[in-house]
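# Overview (structure and organization)
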Amino acid sequence: MPTLQLPAQPVIAIVGVGAVGGYYGAKLIRAGHDVHLLLRSDYQAVRAGGIRVQSEIEQGFSIPPDQLKIYRDPGDLPKPDLVLIALKATGNGAYESLIGPMLKDDTILLTIQNGLGNEDQLADLFGEERVVGGMAFVCIHRTAPGVIHHIDHGFVKVGDYIRPGRPSAQPVPRVEQIADLFRSSGVRCDVLDDLRRGRWEKLVWNIPFNGLGAVLDLATDRLLSTDAGMTLVRQLMQEAIAIAAAEGVSLPADTIERQVTHTATMGAYLSSMQVDRRAGRALEIEAILGEPLRRAQLLNIATPALATIYQMARLIDPAASM
């Protein structure tokens, strides 16, 4: 299968210009890259006020409206070489309508969404040869349309998509090209030799802190401050590691300790699902909790804590009453 590559100066489209898409999009624009933003509800506010990044660990900055290329209709964008997808996973049902109209034959798709299954859905719709997976390790919130509060971290990991059941391959040049785009914009970006391992490593964090954060409405520091909280966090992490192992993904022995230590530096951080619950938005339950649970059930892996948190999350999901 031929491998798609990026040109030296790619046209970049961003779909999902919330906290993550807005932050990395603004970084790319500031570095001089040709970036086009597809917006829906925030279109008028960003058109009037631009994008503002307020950071607690680096110098904040703004991109004024006259330096932004923004669109409401995906058919109006110039055909991009790279589409960066930063939608909430609850919006994956709109993949075809949002992404399809902007594609050309050699457009590459990079998803930096949470959870499992995003790359598989994109591959089914648009062809696996287009798909690259990524993970954003950043503490960040959108506080208003076009206003992004950056709290901590900010690095990205990217890896080429390999269909489930196929052997892993060495990173291909386009992945290094994408990594270089981020690096040239002041964003640390690591290339993964195994995207599946990267996904599961992040899920070891996302399952407990997004799941418990949403269900209990507790920030990360509260979850780590009691024996009961630590017990739940560690059990959910252990279950995630067990599912990964059953899928053939072996994680380092110190994964749990590293994740706990890393989280302790965040302070009173509210996970994205916790923020979404407070705002009355749909929760990324299926991508972060449901898909790992379904895989555990197929593999006959016992995950009692994950099963309980999943059902509780479904019970409190604001979208359930819509």
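Note that the structure is predicted; figures quoted are calculated from it, not measured.

### Some thoughts on the packing of aromatic side chains
- As enumerated under the stated definition, the model contains four aromatic pairs in all.
- Look at Phe137 and Phe155: their rings are 4.9 Å apart centre to centre, the planes differ by 5°, and that puts the pair in the stacked class. On the criterion of sequence distance, the pair formed by Phe137 in strand 8 (residues 131-144) and Phe155 in strand 9 (residues 147-160) is long-range, its members being 18 residues apart.
- When its relative accessible area of 16% is taken as the criterion, Phe155 is described as buried.
- Cluster of aromatic residues (ring-pair linked, three or more members): Tyr23, Tyr24 and Phe182.
- Positioned over the ring face of Phe137 is Lys202, at 5.3 Å from the centre of the ring.

### Describing the UniProt feature "domain: Ketopantoate reductase N-terminal" (unreviewed entry) in the protein
- Here the UniProt feature "domain: Ketopantoate reductase N-terminal" (unreviewed entry) sits at residues 12-161.
- Helix makes up 22% of residues 12-161 and strand 37%. Its end C-alpha atoms lie 19 Å apart.

### As for the UniProt feature "domain: Ketopantoate reductase C-terminal" (unreviewed entry) in the protein
- The sites that UniProt annotates as "domain: Ketopantoate reductase C-terminal" (unreviewed entry) are residues 194-315.
- Helix makes up 75% of residues 194-315 and strand makes up 0%, while its end C-alpha atoms are separated by 35 Å.

### Description of the domain arrangement of the protein
- Looking at the assigned domains, one finds that the protein contains domain 1 (11-193) and domain 2 (197-321).
- Measuring from the centre of the C-alpha atoms in domain 1 to the corresponding centre in domain 2 gives 23 Å.
- Taken residue by residue, the interface counts 26 residues in domain 1 and 24 residues in domain 2.
- In terms of surface lost to domain 2, no three residues of domain 1 exceed Lys88, Asn114 and Leu116, which account for 33% of the buried area on that side.
- Joining domain 1 to domain 2, the criterion identifies four salt bridges.
- For Asp120, the salt bridge identified is with Arg295, shortest N-O distance 3.7 Å.
- Summed over the shared surface of domain 1 and domain 2, the result is 12 residue pairs in polar contact (both at pLDDT 80 or more).
- Where the side of domain 1 that touches domain 2 is concerned, the elements lending two or more residues are helix 4 (118-126), strand 8 and strand 9.
- The biggest single contributor to the side of domain 1 that touches domain 2 is strand 8, with eight residues.
- Residue classes in the side of domain 1 that touches domain 2 are distributed as 10 nonpolar, 10 polar and six charged.

### Considering the nonpolar core
- Ranked by size, the top nonpolar core spans 43 residues in total, and within it Tyr24, Leu37, Leu110, Ile178 and Phe182 carry the most contacts.
- If you tally residues by element for this core, the top one is helix 1 (residues 19-30), at six residues.
- For Phe182, the residues in contact, after removing those within four places along its chain, are Tyr24, Leu84, Leu110, Val156, Val187 and Cys189.
- The next biggest cluster of nonpolar side chains, apart from the first, holds 40 residues, and it includes Leu116, Ile151, Met230 and Ile285.

Calculation criteria
Residues numbered from 1 in each chain as written. Predicted model: local features only at pLDDT ≥ 70, side-chain atom pairs only at ≥ 80, totals over all residues. Heavy atoms only, no water. Phe/Tyr/Trp six-rings, centres within 6.5 Å; stacked < 30°, edge-to-face > 60°. Helix = DSSP H or I, 4+ residues; strand = E, 2+ residues; numbered from the N terminus. Buried < 20%, exposed > 50% of the residue type's maximum accessible area, 1.4 Å probe, protein only. Lys NZ or Arg CZ within 6 Å of the ring centre and 35° of its normal. UniProt positions renumbered as here; feature names shortened; annotations may be inferred. Domains from an automatic or database assignment. Contact = heavy atoms within 4.5 Å. Buried area = accessible area lost by both parts, 1.4 Å probe. Salt bridge = Lys/Arg side-chain N within 4 Å of Asp/Glu carboxyl O. Polar contact = N/O pair within 3.5 Å; in protein donor to acceptor, adjacent residues only side chain to side chain. Nonpolar A, V, L, I, M, F, W, Y, C, P; charged D, E, K, R; others polar. Core = buried A, V, L, I, M, F, W, Y, C linked by side-chain atoms within 4.5 Å.

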